[in-house]
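# Structural overview
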Amino acid sequence: IFGIIKGYGVLLALSFLLGIYFSIRRGRSRAMNDEVVSDLCFGVLLSSIIGVRLFYVMTHLSDFHPWYKVFYIWEGGLTLYGGIIAAIITVFYLSRKRGLQFLVVADVMAPQVLLGVGFTRLGCLLNGCCFGMPTDLPWGVHFPDACAAGYAAAGQALHPTQVYSSMLAFLGWGLLLYLDKKPFITGITFARFLIFYGASRFIVDN
């Protein structure tokens, strides 16, 4: 944006800000203190950033020579699974430390994960990463040569899997909110999140 701001970074920041806002609002419906929810959100923020990088590094060790290139985050290399796993572990730990029931906290925060995925996948589209296979469909996207998708596809139109993932994530966010009605069944929203996200990743990735 304007040649100096990364679109992916803007959308990632927006996803966290909205995630914190909606988590606080949803926490009130479960009689959770705003400050406690904010602390949990910042814990998730830090751990997920570490998780997305760490998971990528662990699965691409041969790419990091010399070793200190692990810290060159601006060169790319993030894996969403790592962030979600790290976030779940963090919520579990912080919930127990605060004397809260993990599944109650997970129910509050789970929909916002899909909201965040919706925005960050649009960031992937702008970044030219996480791209799909070549396609002849009219909505196939030609990426510039400077990004990973354009370099790998050599001018071919690609499935905009980033958009597919984003649309499914926003749909899932809406469904989880719609189905999350009183009386609350502890753990059901978190379970629905796991099922929906797993199914949507399977659909897009295959």
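Refer to the preceding data block for the structure.
Residues numbered from 1 in each chain as written. Predicted model: local features only at pLDDT ≥ 70, side-chain atom pairs only at ≥ 80, totals over all residues. Heavy atoms only, no water.

## Description of the packing of aromatic side chains
Inspection of the entire model under this criterion finds seven aromatic pairs. Ring centres of Phe102 and Phe190 lie 5.7 Å apart, and the angle between their planes is 85°; on these two criteria the pair is classed as edge-to-face. Pair noted here: Phe102 is in helix H4 (residues 102-127) and Phe190 is in helix H7 (residues 188-205), with a separation of 88 residues, a long-range link. For Phe102, a relative accessible area of 16% puts it in the buried group. A residue is classified by how much of its surface remains accessible, and Phe190, at 12% relative accessible area, is buried. On the basis of an interplanar angle of 20° and a centroid distance of 6.4 Å, the ring pair of Phe190 and Phe193 is categorised as stacked. You can see Phe190 and its partner Phe193 sitting in helix H7, three residues apart, about one turn around the helix. Lying across the ring of Phe184, Arg30 places its NZ or CZ 3.7 Å from the centre. The ring of Tyr178 is capped by Lys181, whose NZ or CZ atom sits 4.0 Å from the centre of that ring. (Phe/Tyr/Trp six-rings, centres within 6.5 Å; stacked < 30°, edge-to-face > 60°. Helix = DSSP H or I, 4+ residues; strand = E, 2+ residues; numbered from the N terminus. Buried < 20%, exposed > 50% of the residue type's maximum accessible area, 1.4 Å probe, protein only. Lys NZ or Arg CZ within 6 Å of the ring centre and 35° of its normal.)

## Description of the nonpolar core
Counting residues in hydrophobic clusters, the biggest one holds 28 residues, and the most contacted among them are Met109 and Phe193. Counting residues per element, this core draws most heavily on H4, which supplies ten residues. If sequence neighbours within four positions are ignored, Met109 has contacts with Ser23, Leu40, Cys41, Val44 and Val91. Residues Phe143, Cys147, Ala149 and Ala153 belong to the second largest nonpolar core, which totals five residues. (Core = buried A, V, L, I, M, F, W, Y, C linked by side-chain atoms within 4.5 Å. Contact = heavy atoms within 4.5 Å.)

## Let's talk about H7
With 18 residues, H7 should reach 26 Å at 1.5 Å per residue; the first-to-last C-alpha distance of 26 Å fits that figure. For H7, the set of buried residues is Thr189, Phe190, Phe193, Tyr197, Ser200, Arg201 and Val204. Within H7, the buried residues cover an arc of 100° as seen down the axis, which keeps them to one side. Exposed side chains of H7 directed beyond 90 degrees from the buried face belong to Ile195, Phe202 and Ile203. Buried residues along H7 sit in contact with helix H1 (7-29), helix H3 (80-98), H4 and helix H6 (161-179). (Expected span 1.5 Å × (residues − 1). Arc of directions from axis to C-beta.)

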